[in-house]
Structures are given as structure tokens and as C-alpha cells.
Amino acid sequence: MKKGKIQFIPLLFSAAAAAALFYIIARYSFLYFWRFDLSSPQHWEHILQKWQNGWILRTSKEMYFVAALLFLIPGYLIFWFIVYCFPLKKILLFPVSFAQNRKKAKLQAQSLAAAIGPADRIKAPVSKKEQRKAAQTVKAPSEKMKLINQLRGKSVSQHTATEAASPIAAGKDAPAQKNTPEQENASRFDLWEKFANSLESANIFAVRQITIKNVVFNLIAFTQNALFLIREAPEESASWETHDGDTPAVWKTQKGDIPSPLVPMIETRKLLQTYIDEHFSEYSNISLNFCMILDHGTITNPDAFLAFLEQNNLSALRMGSCKTTALPDSAALVEYIKSQPASSAEMNDAFALAFLDLMTEE
């Protein structure tokens, strides 16, 4: 039964719908059992004459007939109530909902495909000889290796290279913010740690909290054929209207506009590809997959948001308390990455040091 006040227009609509349906059911029922046509004036006149002549009900069939006639009005009222409570809106809008769900599924598949990377970029893996050659081009000082281990979460204390980064992603106590409870911040950090730990349990090399040209990535996962650079949505607000194609590109929030977090990802991809081509040409064919994961809040214009992602070969997924159901769940990406061949130690060292260099570049 519907809660709250009775709505006038749905009430009238349900009355008309109930009257039409009830009449069809009642008419054919009377025709079947008693050969009495509710729409025939002659049949009603015959019943009226019998009644006026002192009709005495002698058979059970006649008794059921009279009882059915008397029940027509209360039966209609009961049927009206049932129709009013029945989710007619869902039934009538089913074709629209079906089309929307198909579109949603298509957009979800496109977003996940962008996160996985284009098939034509996944080429034959780099040979062991080429990997050793790439690793020899960079000698890792001990202090850098310590920093790499810290980026991988192997140290209790946080590294100095990420002091200016997001306190949530770095695991520090977040400053008190209005409408952002401390326990929610801790919960979001736990989600990212669970994300990284899940990958590492499948022997996937992952580093945490890398900043490239002021663009913070919460997690970078390495596989034999691809790098997955993943960042979280902005902390500001819990509701965004995206305008990534505007100049300037912004996300509108309840407290004002903030810079688009997607456009810098496009610029970072170009920077990283150029760096790889110049310093590690052996890995030039590796797929660079940039993905944003919304771990809270909602996108109010998902169609425009997903269209921009598709145009720029970016991806967006959801996890945690994110309410944008048009986005695929991040679990699909996690399982895909875990299913890929693990990267080699030489590749891990080469790219980890490359990211450290990009972090310190001006």
C-alpha cells in the first residue's frame, strides 16, 4: 500500500483503469455462468420484470446470480483499491526502463573497457632480455628503494614525498571538515587499502599515493602488459555536476565550482607516455589505463560524464558509498587486473623509479 497522502491524479487514473478492467472481467463472467449480458438493456429489463413479479430464488444458480449482482459495486471498489496500490507506473514505464537499463549496461561496459585498456595496445610482452636492458638504464640508490617500499605500504611511517597529498589516501588523520565525519574518512582509506591488498594478494605490484605534476593517484597497479593509474574523486562535496568539456573545465558543487579532476588525467597520460618513449622505449607499447573511482557521493549528470570518458578513453568506477549506479563496480576491475600476468621485477623497478622521477620534476 502506498504511504503518505493519497495523490489525486493517480487516484482518478486508477479509478478509470479499474472500471475498464472490472467491467471486462464482470461482463464475461456473467455471460459464461448465467448468459447474462451486463451491457444489454433487454437483459436488465427482464431481471427487473421478474423482480417486480415477486421473483422467488429456487436454485443455487439463481442465488449466486443475485449475489454477484449485489457484489458488483463493492467488488469494483475493492478492485479499484487493488489497482491504486498496484505499481502501475512501473508496468506502464517498463519499455522506457528497459531501454534505460540497456543504455546503462552499454555505458558500464564502455567504462570498464576503458579501464581495462584498448585491445590493440595489448601486444606481445617485453622479452626478459629487453627487461634486463631497461632495468640496467637506471640504478636505484638505496634511499629510493626505501621510498619505493614506503609507497608500497611496506613501512609503518609515511614517506615524505606524499606529505602534501590527500590525508585520506595517505592514511593520516584528516582535518575536521564540515559534513565529512572522521569515521567516514577512515572508512574510505580502508577501502583503498583493501583495494591494494587484494591486488597484492594476487602477486600484482602496486604502489600507493603517487603525485605526478600535482595529480594525485591513490594507486598504480603494474601488470605485464599494462599500467593502471587510479585516483579517487574530489573530497569536496558529495554531489557533482560535471562540465569537463567546458573552458575552464569544472565540476559544480553546492559550495561552488572546483577544477575538473579528469582533464589533468589526460595531460598526465601524455606526459607519462612521452617519458616512457624517451627513457624506456622497450615499454612504449604498454597500455596506460587511467581510471577514477568514486568512493562516495554521486554524479548528477551521468550521461554527460560517461560521454566525456568515452571520448577521451578514460574510465570511472564506483565503490564504497558512491550512489552513481550508472558506473560499474570497481570489483570488476580488481578481478580483471588480478587475472593478468604479473609484471617482472625488472619492470617494477624501472617504472617505480620513473614515477619517483616524475614526482620530483618541476
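Each value, and the rule that gives it
Residues numbered from 1 in each chain as written. Predicted model: local features only at pLDDT ≥ 70, side-chain atom pairs only at ≥ 80, totals over all residues. Heavy atoms only, no water. Buried < 20%, exposed > 50% of the residue type's maximum accessible area, 1.4 Å probe, protein only. Helix = DSSP H or I, 4+ residues; strand = E, 2+ residues; numbered from the N terminus. Pairing = 2+ DSSP bridges. Patch = residues over 30% accessible without salt bridge, like charges linked within 9 Å, V, L, I, M, F, W, Y side chains within 5 Å. Areas by Shrake-Rupley, 256 points an atom, 1.4 Å probe, with all protein chains shown as cover. Salt bridge = Lys/Arg side-chain N within 4 Å of Asp/Glu carboxyl O. Core = buried A, V, L, I, M, F, W, Y, C linked by side-chain atoms within 4.5 Å. Contact = heavy atoms within 4.5 Å. pLDDT = per-residue confidence, 0-100.

Visitor: I'm lost on the pairing of strand β3 (residues 226-232) in this one. Help?
Guide: Within a regular beta strand, the side chains point alternately toward one face of the sheet and then the other, so they alternate between its two faces. The buried fraction of β3 is high, at seven of seven residues. Of the two faces of β3, the one holding Ala226, Phe228, Ile230 and Glu232 and the one holding Leu227, Leu229 and Arg231 are both buried throughout. Pairing of strand β2 (residues 215-222) with β3 involves four bridges; the strand directions are antiparallel. Bridge pairing links Ala221 to Phe228 in β3.

Visitor: Sorry, what's going on with the sheet that holds strand β4 (residues 239-243) here?
Guide: Strand pairing in a sheet relies on backbone hydrogen bonds. The paired strands run either parallel or antiparallel. If you walk across this open sheet you meet the four strands as β6-β5-β4-β8, and the pairing is mixed. Looking at strand neighbours, the two that pair on one side only are β6 (256-259) and β8 (298-299), the edges of this open sheet. Two elements, strand β5 (residues 250-253) and β6, share four bridges in a ladder whose sense is antiparallel. Within β6, the residue paired with Thr253 across the bridge is Gly256.

Visitor: What am I meant to see in the pairing of β5 here?
Guide: As defined by bridge partners, β4 adjoins β5 across three bridges and the pair is classed as antiparallel. Paired with Glu241 across the bridge in β5 is Lys252. Between β4 and β5, which pair antiparallel and follow one another directly, the connecting turn spans six residues. Connecting β5 to the antiparallel partner β6 that follows it, the hairpin turn spans two residues.

Visitor: When you look at a nonpolar patch on the surface in this model, what are you seeing that I'm missing?
Guide: Together, Phe71, Ile78, Phe81 and Ile82 make up a nonpolar patch on the protein surface, roughly 410 Å² of accessible area in all. Inspection of the secondary structure puts Phe71 in the loop between α3 (60-70) and α4 (72-85).

Visitor: Can you help me understand the nonpolar core in this one?
Guide: Nonpolar side chains in soluble globular proteins tend to end up buried together. Ranked by internal contacts, the top residues of the largest apolar core, which has 46 residues, are Leu227, Leu229, Leu262, Leu294, Phe305, Phe351 and Phe355. Sorting elements by how many residues they give to this core places helix α14 (residues 345-360) first, with nine residues. Leave out the neighbours within four places in its chain, and Phe355 touches Ile210, Ile212, Ile220, Phe222, Leu227, Leu229 and Leu272.

Visitor: Sorry, what's going on with the confidence of the model for the chain here?
Guide: Regions with low pLDDT carry predicted coordinates that are not meant to be interpreted in detail. Model confidence for the chain is summarised by a mean pLDDT of 77, while 70% of its residues fall at 70 or above. Within the model, the stretch residues 135-139 combines pLDDT values under 50 with four contacts to residues more than four positions away or in other chains. Across residues 155-180 the pLDDT falls below 50, and counting only partners more than four positions away or on other chains, this stretch makes 41 contacts in the model.

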